[in-house]
Amino acid sequence: MRFPGYVLELGSLTLWAGLVAASLWHNLALLDVQGREVAFARARMLFSILETTRLWNAYHGGVYAPVTEKSPPNEWLVDPQRDVVINGRAYTKINPAYMTRQVSELMGSQGGLSFRLTSLKPIRPGNAPDPWEEQALQNFERGEKEVLDRVEMGGTDSFRYLGRLLVEDACLQCHANQGYHVGEVRGGISVTIDAVQVLAEINPQKQQTIVLHAFGYLLLAGATLAFLTWLRAGWRQLAQAKTEQEAMVAARTAELRRAVDDLARSNAELETFAYAASHDLQEPLRMIGSYAQLVDKRYGPTLDADGREFLGYMTDGAQRMKRMIDDLLTYSRVSRGEPALQPTELDVVLDAALANLTAALTESGGQIIRPARLPVVLGEAPMLVRLLQNLLGNALKYRAADRAPRVTIEVVAQEGRWLVSVADNGIGIPQAAHERVFHIFQRLHSHASVPGTGVGLAIAKKIVERHGGRLWVEDNHPHGAVFRFTLADAGSGDVSMPQQQSR
Ligand code: HEC
């Protein structure tokens, strides 16, 4: 599996960019809201101071101030005592509206802040509202207490505030004739704040936010890239290790394969040699046998007792050697070539084996106990006949002196194969020899006590292995031995055909 290309880097950088941008946008918006709050807080504060000083003025029914160029008598104030002279100095009454106007002019537009008095029913036309103020004043009529807004005003981005002025007793001294009552809205103070100036105050904060976000993004991106690089390196290392390991395994496998092939070849050569050698030995042996017989026939009478005995040994030896060579040839034949496996009825096989053993059975008085029905296995009939014949023959041959041989054949299904057991009540096989009995020419008993070449079990084992099975021996309690082997079922095809089964 390959590590995904650079989409991970690209993807995470984009994702972080998106997240950081969203956060930045959100924070800047919050700062704007904060700026707006600041602007309105200032407007409210200004309004409240103005309202209070106006009230102070109204409580006095207007306040006298010396007449100056900047402070002439208010043409809109109708009051017989508007202008007075004290000690030769002229004074004029300043009503709250006039005072407010003068303060407003004095203040100008300091810090981007300006204000004015307005009303829907102005005594002084100059106090008439502009369209925004008119709208706001109408809102007061509907019960609102203040109006906040951000508008484009004379080409500048502005915050606008309008606070309402209610009629109090003190106001009625001058405004009663207009028909006002206490608690009614008389008008309002309109405050305008230059948005650009106020928002400029939070610019450092905005810059800081931007820098922080940029820094955060770089940090995140850096960390992500570092992490992905680390991950990638680890992955590469892992992949490399895997490749190396695979190469190593492949090399080992090839080595092993070679060794197995070599072994198979040398084994095959050895078997061919054994076959050829034993085959070629037959002829000279036959010669020895025939000439020994000839000597016996022709010169037997002239020989003395010793001579005849020696000749007897010779004939016996030749016969034994012939049997051994025959067995060896059989062993070689079993080892050579592939068995032609096909469904084979084990019942038929057993019948054939027993037929071959008729003499041994009669002679030993043995009894064979077999199941009612044996399975159909995958095998080569002649080989299987020899297998059963060898095992049963052994069971009859190595019988105990004090009891008649009794051989029990059993078959059970095991892990998809057939497990066949041939159990006897004979002399048994010592635990230590359980392996050795299967070796060729290995005999546990002297030739004199029990005749045989010691090839039978080796052949049996070879046959089972050529069929992809396994043959072994166990103790049969209380007496005797039990040989067990496995065979594939005819239907399963569960046979792994070994070139050279080594076990
Ligand atoms: C001493 C007299 C006097 C008193 C007291 C007084 N006013 Fe006025 N007011 C005036 C006059 C005169 C004007 C006319 C315009 C101007 O002077 O600018 C006016 C103007 C106004 C205006 C501006 C709109 C317009 O009609 O031009 C408002 C709003 C206002 N007064 C509210 C009040 C309130 C609220 C009170 C009580 C707290 C109050 N006044 C007390 C004399 C008075």
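Please read these numbers as outputs of a predicted model, since none were measured by experiment.

What counts, and where the lines are drawn
Residues numbered from 1 in each chain as written. Predicted model: local features only at pLDDT ≥ 70, side-chain atom pairs only at ≥ 80, totals over all residues. Heavy atoms only, no water. Helix = DSSP H or I, 4+ residues; strand = E, 2+ residues; numbered from the N terminus. Buried < 20%, exposed > 50% of the residue type's maximum accessible area, 1.4 Å probe, protein only. Contact = heavy atoms within 4.5 Å. Areas by Shrake-Rupley, 256 points an atom, 1.4 Å probe, with all protein chains shown as cover. Lys, Arg positive; Asp, Glu negative; His and termini not counted. Charge placed at Lys NZ, Arg CZ, Asp CG, Glu CD. Pairing = 2+ DSSP bridges. Axes fitted to C-alpha atoms, helices over the stretch in contact; angles between N-to-C directions. Near = heavy atom within 4 Å. Polar contact = N/O pair within 3.5 Å; in protein donor to acceptor, adjacent residues only side chain to side chain. Nonpolar A, V, L, I, M, F, W, Y, C, P; charged D, E, K, R; others polar.

Draft legend 1. Just the overall build of the protein, in detail. What the protein contains, in helices and strands, is eleven helices and 14 strands. Considering only C-alpha atoms, the protein reaches an extent of 200 × 45 × 35 Å along its principal axes. Taking all 503 residues of the protein together, the buried fraction comes to 34%. Within the protein, contacts between residues at least 6 apart in sequence are counted, and of these 67% link residues at least 24 apart. A total of about 29800 Å² of accessible surface is found on the protein, and carbon and sulfur atoms cover 59% of it. For the protein, the separation between the mean place of its 52 positive charges and that of its 55 negative charges on side chains is 3 Å.

Draft legend 2. Examining the sheet that holds strand 12 (residues 417-423) more closely. Taken together, five strands build an open sheet; the order of strands is 9-11-12-14-13 and the sheet is mixed. The open sheet has two edge strands, strand 9 (367-369) and strand 13 (471-475), and neither has a second partner. Mean inter-strand twist for the sheet, computed between neighbouring axes without regard to direction, equals 20°. Across seven bridges, strand 12 lies against strand 14 (residues 481-488) in antiparallel orientation.

Draft legend 3. The arrangement of the site of the ligand in detail. The immediate surroundings of the ligand are formed by 23 residues, with Ile-123, Cys-171, Cys-174, His-175 and Arg-186 found nearest. Between the ligand and the protein, one listed contact pairs an oxygen atom with a side-chain N or O atom of Arg-186 at 2.5 Å. Only helix 1 (7-59), helix 2 (96-107) and helix 4 (169-175) provide two or more residues apiece to the shell around the ligand. Among the elements that make up the shell around the ligand, the one with the highest residue count is helix 4 (four residues). Classifying every residue of the shell around the ligand gives twelve nonpolar, six polar and five charged.

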